[in-house]
Amino acid sequence: MDVEKDSVIAAETSKEKVSVELNNKSEIKGEEYAYLDATGFTSELFKIELRGLPKYYGIGELKKLLNVKMKLSTNKIKIMKPGSPFIFICFRNQEDREAAIKMLDGYKWKGKSLSAFEAKPAPDPLVRRRKEASAADGEPLNIKRRTVEASATSLAYLPYEEQLKQKQSEMENVLQKFGKELWSSIPTLRIFVEKQRLLHGGLPCAFEPIRPSPMQDGYRNKCEFSIGKDALGVKRVGFRVGSYSNGFLEVESIAHLKHIPECMKQTVALFEQFVQSSPFDVYSAETYQGYFRQLTVRMSHATGQVMVVVGVHLQSLSEEEKNAMKSSIVECLTSEPGKKAGISSIHFEIIQKRQQGQYTNPIEHLYGDTHIEDNILGLTFRISPAAFFQINTPAAEVLYQCAIDLAAPNNNTSILDICCGTGTIGLCFARHCKQVLGVDIVEQAIEDAKHNAEKNGIENCIFFAGNSDDLIMSLIRQANIMPDQQESLIAVVDPPRAGLHIRSITQLRNARGLNKLVYVSCSPQSAIKNWVDLMRPCSKQLRGEPFVAKKAMAVDLFPHTPHTELIILFERETEGKPELDVNTANNCTDEPANEQPHT
């Protein structure tokens with residue numbers, strides 16, 4: 001009897017859910033919302049707006065609050081901008097959305113009372129822009145169509161010396177912003193910041209002249225090319241000149257771009273001919289139909305090897321059709337033009353929605369070498385399809401040598417290589433120090449790092465797979481530094497564009513014996529918060545002595561583009577503490593935080 005009753009209740013509940021979903025869709029009309037039906041499922045249907053967020057919070061701690069502490073089944077978190085007082089959170093069904101609103105509305109977090117309520121789905125930006133264009137008899141409002149040259153190589157019109165001057169000036173602006181942030185957010189450092197500005201022309205630390213790239217044209221050793229259609233509907237392999245959000249999906253030719261090597265251009269031209277004659281269509285971000293989406297090409301300046309990774313949406317292809325597609329790809333890329341381009345390695349990437357904890361798509365080796373090799377500072381490095389490797393190999397040599405010069409290690413120095421990737425920085429340091437301990441979250445990268453150490457006969461490097469946020473203290477214990485024997489510890493960090501998580505910064509600050517840190521940034525604007533946190537006064541969280549920025553230098557890894565790498569040397573003021581307020585300094589302790597993880 002109870003079983004029958006439960007079945008009836010479950011059926012009614014199911015009907016209510018379907019009814020709610022249908023009502024949600026029926027309330028939203030117009031072309032901008034057609035995607036709600038076309039895509040089968042979209043979490044935009046079950047979205048909430050969360051307001052009243054504190055001024056300072058990290059997306060990591062927000063996710064922990066939602067998914068771990070409150071156990072909410074979030075599907076997607078849409079951030080408007082860092083530190084925004086409101087965000088959108090999407091769920092998989094109406095039940096999860098209602099549960100989230102009930103828990104979050106009125107919840108107190110970091111001294112703020114949150115408010116949560118239902119939010120309407122976002123309109124399709126592509127359709128919206130097209131409607132604007134139609135109404136304006138031309139281009140979408142406020143959007144200018146750019147050429148592929150202007151999009152990919154916006155500084156190519158300038159002589160190289162002028163590019164360097166502009167980048168030097170931009171990095172000075174970044175350092176000035178860093179100084180302003182120090183001055184405004186850390187009152188105890190204002191006297192120090194003013195002294196530094198007087199010494200270094202308005203900057204918070206010494207800044208050396210920018211190092212140029214030894215190679216300015218054809219330097220890229222990796223490119224991810226889009227596969228789509230141009231403005232005339234012709235299938236192309238190249239770069240997009242716009243984005244979905246601004247209403248342009250066109251893919252244009254890369255044949256005239258200065259920073260792409262000739263072997264890549266030949267590979268792209270060959271695969272474009274293949275795509276144009278293939279029975280399989282190109283993928284459309286608008287309709288979610290089609291197959292060919294991306295072509296990743298890697299090359300080695302040292303060996304001339306070219307690796308190709310073809311990214312495909314399989315849709316509902318049968319095994320026979322998949323095998324036929326793979327065979328045709330190999331046949332195309334191993335033809336005479338493919339051999340001329342230097343193609344020696346072919347892989348097949350299945351592009352799909354990634355599961356939690358998955359960082360790369362499945363990649364299948366189809367032909368030739370499984371890896372390619374390149375050289376930096378006399379060392380040979382194996383490069384796998386998804387591994388991180390600096391895209392300008394000759395300039396990477398300059399970058400790593402600058403990092404070594406700034407760190408100035410000796411035979412009694414241990415190096416912590418945080419976010420080590422395939423071990424390039426750590427292995428370049430190895431001959432100058434006692435030992436290197438590296439960590440990276442991508443397991444394949446760690447496998448490559450171990451292989452690279454063995455191949456180069458380097459025995460004083462150990463690499464660990466895992467999250468640096470959890471493993472830094474374990475690495476320090478593994479290093480087993482003995483200061484009474486003049487041993488020292490230096491951290492070298494080369495994080496992704498977003499920078500280091502605050503947990504990593506906290507552990508670096510709390511690490512006893514770590515008195516020097518070299519921060520390598522590919523996105524200096526994004527790294528400013530990390531730099532400020534390294535220099536903050538001691539607190540309950542940041543227990544170790546603050547670091548002080550001593551010297552910065554820029555290296556141009558990306559000629560013809562506005563991007564620049566910036567390295568900053570930080571050192572602890574271990575004696576006298578001249579830069580700190582006396583009361584603040586007396587509260588400092590070198591005790592590490594409790595509950596440190598183990599390897």
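Basis of the calculations
Residues numbered from 1 in each chain as written. Predicted model: local features only at pLDDT ≥ 70, side-chain atom pairs only at ≥ 80, totals over all residues. Heavy atoms only, no water. UniProt positions renumbered as here; feature names shortened; annotations may be inferred. Helix = DSSP H or I, 4+ residues; strand = E, 2+ residues; numbered from the N terminus. Contact = heavy atoms within 4.5 Å. Phe/Tyr/Trp six-rings, centres within 6.5 Å; stacked < 30°, edge-to-face > 60°. Buried < 20%, exposed > 50% of the residue type's maximum accessible area, 1.4 Å probe, protein only. Polar contact = N/O pair within 3.5 Å; in protein donor to acceptor, adjacent residues only side chain to side chain. Salt bridge = Lys/Arg side-chain N within 4 Å of Asp/Glu carboxyl O.

By the naming in an unreviewed UniProt entry, the chain is tRNA (uracil(54)-C(5))-methyltransferase, taken from Anopheles christyi. UniProt lists a comment for the chain under the heading Catalytic activity (unreviewed entry), and it reads "uridine(54) in tRNA + S-adenosyl-L-methionine = 5-methyluridine(54) in tRNA + S-adenosyl-L-homocysteine + H(+)".

Chemist: How do you make sense of the UniProt feature "active site" (unreviewed entry) in the chain when you look at a structure like this?
Modeler: If you check UniProt for "active site" (unreviewed entry), the listed places come out as Cys522 in our numbering. Among the secondary structure elements, Cys522 is positioned in the loop between strand 21 (514–521) and helix 17 (524–535). Apart from residues lying up to four places away in sequence, Cys522 is in contact with Pro495, Arg497, Thr564 and Glu565.

Chemist: Just to check I follow, could you spell out the packing of aromatic side chains for this structure?
Modeler: Where two aromatic rings form a pair, the distance of their centres and the angle of their planes describe that pair. One pass over the full model with this rule turns up 10 aromatic pairs. Arranged with centres 5.2 Å apart and planes meeting at 40°, the rings of Phe271 and Phe274 form a pair that is tilted. Of this pair, Phe271 and Phe274 both sit in helix 9 (residues 262–277), 3 residues apart, which is roughly one turn of that helix. Phe274 matches Phe271 in its accessibility class, with the two residues each being buried. Ring geometry for Phe280 versus Tyr291: centroids 5.4 Å apart, planes at 75°, classification edge-to-face. Separated by 11 residues along the polypeptide, Phe280 in the loop between helix 9 and strand 11 (292–299) and Tyr291 in the loop between helix 9 and strand 11 bring together distant segments of the chain. In this structure an aromatic cluster arises from ring pairing among Phe178, Tyr519 and Trp531.

Chemist: What exactly am I supposed to notice about the side chain of Lys47 here?
Modeler: Note on placement: Lys47 falls in strand 1 (residues 47–51). Residue classification places Lys47 among the buried positions, given a relative accessible area of 3%. A distance of 3.2 Å separates a polar atom in the side chain of Lys47 from the backbone oxygen of Lys120. If we skip the residues at most four places from it in the chain, Lys47 touches Lys78, Phe88, Ile89, Cys90, Arg97, Glu118, Ala119, Lys120, Pro121 and Ala122.

Chemist: I'm lost on the pattern of salt bridges in this one. Help?
Modeler: Opposite charge on two side chains lets them pair, provided their charged atoms get close. For the structure on display, the rule yields 22 salt bridges. Between Lys222 and Glu224 there is a salt bridge, with the nearest N and O atoms lying 3.5 Å from each other. Counted as one network, the salt bridges with shared partners bring together Glu44, Lys47 and Lys78.

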